[in-house]
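What follows is the residue order along each chain.
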Amino acid sequence: QTFRLSDYRPTPYAIPETRLDFRLAPERTIVHARLTIERRPGTEPGTPLLLDGDELKLISLAINGIPAGNNSYRATPDLLEIRDVPSAERFTLDIVTEINPTTNRQLSGLYRSSDVYCTQCEAEGFRRITYYYDRPDVLSVYTVRLEADRLAAPILLSNGNPVEHGEVDSARHYAIWHDPHPKPSYLFALVAGSLGVVKDHFTTRSGRLVDLAIHVEHGKEGRALYAMDALKRSMAWDEKRFGREYDLDVFNIVAVSDFNMGAMENKGLNIFNDKYVLADPETATDTDYAGIEAVIAHEYFHNWTGNRITCRDWFQLCLKEGLTVYRDHEFSADQRSRPVKRIAEVKILKSQQFPEDAGPLAHPVRPREYREINNFYTATVYEKGSEVVRMIHTIIGPELFRKGMDLYFERHDGEAATIEDFIKVFADVSGKDFSQFALWYDQAGTPKLEADFAYDEKAQTYSITLKQSLALTPGQPHKKPMLIPIAFGLIGPDGKDMVPSAVTGGEVHDGVIYLQRESETFTFHGLAARPVPSLLRGFSAPVNLVASLSTSEQIFLALNDSDPVARWQALNMIFTQVLTEGARHLRLGKDMQIDDHVLEIAGRIAADTTLDPAFRALCLSLPSENDIAREIGENVDPDAILAARDRLMAAIAARYADDFAALYQSLTQQGPFSPDAQSAGRRSLRNILLDYLSRHAMSPDRAAHQFATANNMTDRFAALSVLVQRFGGSHEARNALATFEQRFGEDGLVMDKWFSVQAMQPGPEVLAAIKALTRHPAFSLDNPNRVRSLIGTFSANNPTGFNRVDGAAYEFLADTVLAIDPENPQLAARLLTAMRSWRSLENQRREKAKAALQRIAAMQKLSTDLRDIVERTLA
Ligand code: ARG
Ligand code: ZN
């Protein structure tokens, strides 16, 4: 079944009130739902009432308190149809269902994770608990009573504020929660179990005292302190930056170890994948800390962008996700280094979203149709969705953007809104016409932006000709030109931005070129010397820029641009050109050319102590193999790419071995570990130098020493990566893996690192090791984190290992996906997206990849999730 945006209709009835009573038991949980139903104005009295279900077992049904007769309704596992609907405007339904949380391995609805009862209802999990209008535009006030065994589940949580709790009998107890804020069913949550807790509090700007609690597995309380700190900083930041205060007396976070996604913003009761809660120096890397800070903030910010204002339907998913990602990006930028954060965002966008946009799974930021909504929690909806919001900010500026957001909150609080509503607030506050801009939500694909330049010495003018184009994507054969904001500068010979006396040919203001047509020429007057153009400063639009610049102009930008993001982009472009050319040459059996200037610029940036170490680390980390493959675009040979990348690294290392060694030494940590951005930046630079130095020395000694002496996971894991990926199979690598396993073998989250580092070992031989690791006691196909760390990492981030010429790794992925699908369709479908770029492979591999995909597609029984992904991937 295909769902279409154009088919949207409001429901004939509303559910103003929802009362839920849970008798929790591991295998037989009884759910009693009492729904107040109200006929909407315009609905004919007697119109049948159709509620969603999924694998439900109806125990009893009463209408207005009277047991419903057999002919008055029809119940199947996925539908409850009330035929004899009372003609009164309001009536009640009492629906009793029985569910089994223990056998629910989809991790959607009510399930158990390490004996803790928990829920995941977004997008359509609530219908696995009771029959309901399980869609985001039906808002209801919830009161929830939970009852469970007191010893097994001393903690009983749900949304909103606690109302009362007490004993049922000698074995069982109960709690009642009330959430005064009307909400859609996907924001419902409950948790019951035995957990440790970290408590704190926060006083809002207007004086509300909020009790904060983070619940984690017993014994791991100490690892939740950083998350608590991040939560308090998020609450303060949202007040300051967006004027948004928290609106309940309690805020609970629960960490569980079986979770399909990162986390979930249930009203007042966020449920997290424990990966985004637990951290301490011995077990978490700097990247983990940054991830926790970002996800804690993201879920908290959803309280306003998602919960107070939700989505009318799931086509509007980016309304809450793109906006909330934008907000968490801004938060992290304010907490850390803004340019470093922005570069990290651009890297993620390019490595995750650009390939999605360029392949068979491409879809607009706001899709117009879907078969399975869970397959649309994508980089396009989240990351490109955030970029679109950022462009609005660029176009109207910070003051009007804030005014627009204020208007959005004021106008739509308590509503289920659309993208049109969102765009309109910015049009209203700015008086601008956003109709062309709105195409960003509707047209899939990454625009290609070509730039050509001409200097007229006599006239002292400099012209920039910009041309945009958008490749065809599934279901969208015709594309229109979009409004592209291009932040820019014209850099003079002294390295400073030149100021033109006038601009003709198009709209340019406040350092931004606004490209509106397919092609436009912007002419800048009064320039006494030829400038070097810096385009797309701050990565002001999610486009593929192809600028006709000479290598010396690019080097000039990399060394002089006042915008660090643009400097990094220039450098990245230089490396990318060397690497794509190199891979092409190596594939033809020719030698790879590396210009001396390219090596020198790496050395100069590494040595420039006026620059942030984190920025220097980003500059020194060469484009990934996947990045290079994406640039090449067709007939991709992963082995040639790896070889080219290795050669460039080796050349840089050889040239700067002594300097790098001295720098590595000077960056050695002084004093105790701290996860702050400055210290993390020093570690990241030092660890990339470790990689260069080890490669140059062709010896694992330095990495083995760092591994043995590290007092934090960042340095330990960086050393382990070098050992396994550069010196895999060596005595030192095997030793380090064994030591690590011995120390952390009981800790699933830490073992994820151990699995993923082995999954990244390059070359075709690694497949056998991966297969063996699936039988490791710490591994389980049931746990999404384990599956992603081993099999997800292997298939998405190990191009030479996964793309074996014989296709054996594709068959392995197909087998794994088929084994997971009956248990956890969301996980299976997500895993298979690793094959989305199969068409760009060289012929031999392409055929093998196709065969593996076809084998999956030919299966009789596939989940909707997996069927949707495999069919679109092959289409
Ligand atoms: N709304 C959550 C977040 O972005 C993601 C939950 C998605 N879950 C799912 N099963 N599709 O924070
Ligand atoms: Zn979100």
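Residues numbered from 1 in each chain as written. Chains lettered and ligands numbered in written order. Predicted model: local features only at pLDDT ≥ 70, side-chain atom pairs only at ≥ 80, totals over all residues.

Draft legend 1. Up close: the overall build of the protein. Across its full length, the protein holds 25 helices and 33 strands. Each of the 875 residues in the protein was classed as buried or not, and the buried ones make up 51%. For the protein, restricting intrachain contacts to residue pairs at least 6 apart in sequence, the fraction spanning at least 24 positions comes to 71%. (Helix = DSSP H or I, 4+ residues; strand = E, 2+ residues; numbered from the N terminus. Buried ≥ 20, exposed ≤ 12 C-beta atoms within 10 Å, placed from the backbone. Contact = placed C-beta atoms within 7 Å.)

Draft legend 2. How the structure looks around the pairing of strand E25 (residues 448-456). Both E25 and strand E26 (residues 461-469) contribute to a ladder of nine bridges, which runs antiparallel. Among the inter-strand pairings, Ala 454 is bridged to a residue of E26, identified as Ser 463. Linking two consecutive strands that pair antiparallel, namely E25 and E26, is a turn of four residues; a positive phi of about 55 degrees is found at Gln 460 within it. Two elements, E25 and strand E33 (residues 544-547), share four bridges in a ladder whose sense is parallel. Looking across to E33, one finds that Leu 449 is bridged to Leu 545. (Pairing = 2+ DSSP bridges.)

Draft legend 3. Inspection of the site of ligand 1 at higher detail. Close contacts around ligand 1 come from 14 residues, with Glu 122, Met 261, Met 264, Asn 374 and Tyr 377 the closest. Secondary structure elements with two or more residues in the shell around ligand 1: strand E20 (263-264) and helix H2 (286-301). Classifying every residue of the shell around ligand 1 by side-chain character gives five nonpolar, five polar and four charged. (Near = placed C-beta within 6 Å. Nonpolar A, V, L, I, M, F, W, Y, C, P; charged D, E, K, R; others polar.)

Draft legend 4. Fine view of the UniProt feature "domain: Peptidase M1 membrane alanine aminopeptidase" (unreviewed entry) in the protein. The UniProt record annotates "domain: Peptidase M1 membrane alanine aminopeptidase" (unreviewed entry) at residues 226-437. In the segment residues 226-437, helix accounts for 56% and strand for 9%; the C-alpha atoms at its two ends are 40 Å apart. (UniProt positions renumbered as here; feature names shortened; annotations may be inferred.)

Draft legend 5. Representation of the sheet that holds strand E28 (residues 502-504) in the model. Here five strands make up an open sheet; going across it, the order is E28-E31-E26-E25-E33 and the pairing mixed. The strands lining the two open edges of the sheet, one partner per strand, are E28 and E33. If you compare each strand with its neighbour and ignore which way they point, the axes differ by 20 degrees on average. (Axes fitted to C-alpha atoms, helices over the stretch in contact; angles between N-to-C directions.)

Draft legend 6. Seen up close, the nonpolar core. With 254 residues, the main nonpolar core has Val 191, Ala 227, Val 254, Ile 271, Val 277, Ile 292 and Leu 723 as its most contacted residues. With 11 residues, helix H9 (residues 564-587) is the single largest residue contributor to this core. If sequence neighbours within four positions are ignored, Val 277 has contacts with Ile 214, Val 216, Ala 224, Ala 227, Ile 253, Ala 255, Phe 272 and Ile 292. (Core = buried A, V, L, I, M, F, W, Y, C linked by C-beta atoms within 7 Å.)

Draft legend 7. Layout of unusual backbone geometry. Going from Glu 122 to Ala 123, the amide bond is cis rather than trans, its omega being 0 degrees. Inspection of the secondary structure puts Ala 123 in the loop between strand E11 (116-120) and strand E12 (140-149). Even without a glycine there, the phi angle at Glu 55 is positive, about 60 degrees. Of note, Asp 115 is a non-glycine position whose phi angle comes to about 70 degrees, a positive value. The class of Asp 115 is partly exposed, set by 13 C-beta atoms lying within 10 Å.

Draft legend 8. Up close: helix H12 (residues 625-632). Taking burial as the measure, the eight residues of H12 include seven buried ones, the bulk of the element. Within H12, the full set of buried residues consists of Glu 625, Asn 626, Asp 627, Ile 628, Ala 629, Arg 630 and Ile 632. Contact partners of the buried residues in H12: helix H4 (338-358), H9, helix H13 (638-666) and helix H21 (799-802). Looking at the residues trailing H12, positive phi occurs at Gly 633, about 85 degrees.

Draft legend 9. A look at the packing of helix H5 (residues 379-412) against helix H6 (residues 419-430). Two numbers describe how H5 lies on H6: the axes approach to 8 Å, and their chain directions differ by 115 degrees. In this structure, H5 crosses over H6, and the sense of that crossing is right-handed. Of the residues in H6, those touching H5 at Ile 392, Ile 396, Leu 400, Lys 403, Gly 404, Leu 407, Tyr 408, Arg 411 and His 412 are Asp 421, Phe 422, Val 425, Phe 426, Asp 428, Val 429 and Ser 430. Looking at the contact of H5 with H6 residue by residue, the classes come out as nine nonpolar, three polar and four charged. (Left-handed = near helix turned anticlockwise from the far one by under 90°.)

Draft legend 10. Examining the packing of helix H14 (residues 677-697) against helix H15 (residues 701-709) more closely. It is at 8 Å that the axes of H14 and H15 come closest, and there the two elements cross at 140 degrees. One element, H14, and the other, H15, form an angle in the oblique class. Note on element contacts: H15 touches H14 through Arg 702, Ala 703 and Gln 706, opposite Leu 690, Leu 693, Ser 694 and Ala 697. (Parallel < 35°, antiparallel > 145°, perpendicular 65-115°, else oblique.)

Draft legend 11. Local environment of the UniProt feature "domain: Aminopeptidase N-like N-terminal" (unreviewed entry) in the protein. Taking the numbering used here, the UniProt-annotated feature "domain: Aminopeptidase N-like N-terminal" (unreviewed entry) corresponds to residues 20-187. With 0% helix and 53% strand, the stretch residues 20-187 has end C-alpha atoms that lie 14 Å from each other.

Draft legend 12. Geometry of helix H22 (residues 808-820). The terminal C-alpha atoms of H22 lie 18 Å apart, and with 13 residues this matches the ideal 18 Å at 1.5 Å per residue to within 8%. If you check which residues of H22 are buried, you get Ala 809, Tyr 810, Phe 812, Leu 813, Ala 814, Thr 816, Val 817 and Ile 820. Close packing links the buried residues of H22 with helix H19 (766-773), helix H20 (784-797), H21, helix H23 (825-832), helix H24 (843-857) and helix H25 (864-874). (Expected span 1.5 Å × (residues − 1).)

Draft legend 13. Fine view of the sheet that holds strand E8 (residues 79-82). Read from one edge to the other, the open sheet built from three strands follows the order E4-E8-E7, with strand pairing classed as antiparallel. Edge positions in the open sheet fall to strand E4 (49-52) and strand E7 (73-76), since each of these has one partner strand only. The sheet shows a mean angle of 10 degrees between the axes of neighbouring strands, taken without regard to direction. The pairing of E7 with E8 spans four bridges and is classified as antiparallel.

Draft legend 14. Region of the structure containing the environment of Thr 76. Tracing the backbone through its elements, the reader meets Thr 76 in strand E7. Here Thr 76 falls in the exposed class, since 10 other C-beta atoms lie within 10 Å of it. In sequence terms Thr 76 and His 201 are 125 residues apart; their C-alpha atoms lie 46 Å from each other.

Draft legend 15. Molecular detail of the environment of Val 31. By secondary structure assignment, the location of Val 31 is in strand E3 (residues 29-39). Looking at Val 31, the number of C-beta atoms within 10 Å reads 20, which means it is buried. Dropping the residues within four chain positions of it, Val 31 is found in contact with Leu 20, Phe 22, Val 96, Thr 97, Ile 99, Ile 129 and Thr 130.

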